Amino acid sequence: MSESVEMSESAATLYGEDLAYIQAEGFGGMAEAAAPEIVALLRERGIATGTIGDIGCGAGVSTRCFLEAGYGVWALEPSRALLELARAAARGAEFLPPASLYDTELLPADALVALGEPLTYHDPGSDADTRVLDFFSRAAAVLGAGGLLVFDVIVRGEPSLDARSWRAGEDWAVLVETRGDASSGWLRREIQTFRRIGEGGADYRRGRETHHVRLFDADALAAALRERGFEVETARAYGRYDLATRRLAYICSRRG
């Protein structure tokens, strides 16, 4: 069994080849269930056509759903491995070069969607709160009156998210240890991956990634969004799809 070198926490190097494969094979359920609910929300708010910016598009599950619903889509994903999968899954979308959402010029859109907590990933030494507030300002600048910003984050509070878990598929396995620090507002995930090498091979390649995730104060985020010209609603679900523990969705309408 071969072992890879531990990867950097930089947003551009998270979700390397093996973890991206595992994400696509075993963890697409959230996007599969939530994206149609977001489409229904957009139509309810009068956005039946137009352009969606799919931020942190992952393996392209949500991107494909938005395309199939008749929207034009531009998509952003920092992981090169996930981006390659997304391009294959949603061939009609415009994919921006792989980069952090905090370092990328956003394109005009009728709605911006950041599904599955992409706003929470940060280098541990960065000023995560300032970067997120700057993103809100940039989002407001590219959305017209009535445009929607829809995203979800992990919020501070209880219960604890400390846990160990594992999941396996036919040719892969992943082990995750999660530890949160309530005083600092950070959560750390240590992820070990195992992926079978070659057709029918018995050898598995082992990899490791460390993800640093920012936890947010729910009321402070809502206040910052209102200051930047948004009407803000929060929810524990996207329509019929319930979010996981301590996840909160924000549905933000750009004021005229």
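Just so we're clear, the structure is a prediction, and the values are computed from it rather than from any experiment.

1. Describing the confidence of the model for the chain
Okay, so step 1: Averaged over all residues, the pLDDT of the chain is 93; the fraction at 70 or higher stands at 95%.
Okay, so step 2: Taken together, the stretch residues 1–9 has pLDDT below 50 and engages in 27 contacts with residues farther than four places along the chain or on a different chain.

2. Here's the deal with helix 4 (residues 80–89)
Okay, so step 1: Within helix 4, burial applies to Ala81, Leu82, Leu83 and Ala86.
Okay, so step 2: Buried residues in helix 4 make contact with helix 1 (17–26) and strand 4 (94–95).

3. Details of the packing of helix 5 (residues 128–142) against helix 6 (residues 218–227)
Okay, so step 1: Two elements in contact, helix 5 and helix 6, have axes separated by 9 Å at closest approach and are oriented at 35°. Viewed along their axes, helix 5 and helix 6 form a crossing whose handedness is right-handed. Of helix 6, the residues touching helix 5 (which contributes Val132, Leu133 and Phe136) are Leu221, Ala224 and Leu225.
Okay, so step 2: Residues that form the contact of helix 5 with helix 6 fall into these classes: six nonpolar, no polar and no charged.

4. A short note on the packing of helix 1 against helix 4
Okay, so step 1: With their axes 8 Å apart at the nearest point, helix 1 and helix 4 run at an angle of 40° to one another. Classified by the angle their axes make, helix 1 and helix 4 are oblique. The chirality of how helix 1 crosses helix 4 is right-handed. Across the interface between the two elements, Glu17, Ala20, Tyr21, Gln23 and Ala24 of helix 1 pack against Ala81, Leu82 and Leu85 of helix 4.
Okay, so step 2: Class assignment for the residues of the contact of helix 1 with helix 4 results in six nonpolar, one polar and one charged.

About the thresholds
- Residues numbered from 1 in each chain as written.
- Predicted model: local features only at pLDDT ≥ 70, side-chain atom pairs only at ≥ 80, totals over all residues.
- Heavy atoms only, no water.
- pLDDT = per-residue confidence, 0-100.
- Contact = heavy atoms within 4.5 Å.
- Buried < 20%, exposed > 50% of the residue type's maximum accessible area, 1.4 Å probe, protein only.
- Helix = DSSP H or I, 4+ residues; strand = E, 2+ residues; numbered from the N terminus.
- Axes fitted to C-alpha atoms, helices over the stretch in contact; angles between N-to-C directions.
- Left-handed = near helix turned anticlockwise from the far one by under 90°.
- Nonpolar A, V, L, I, M, F, W, Y, C, P; charged D, E, K, R; others polar.
- Parallel < 35°, antiparallel > 145°, perpendicular 65-115°, else oblique.

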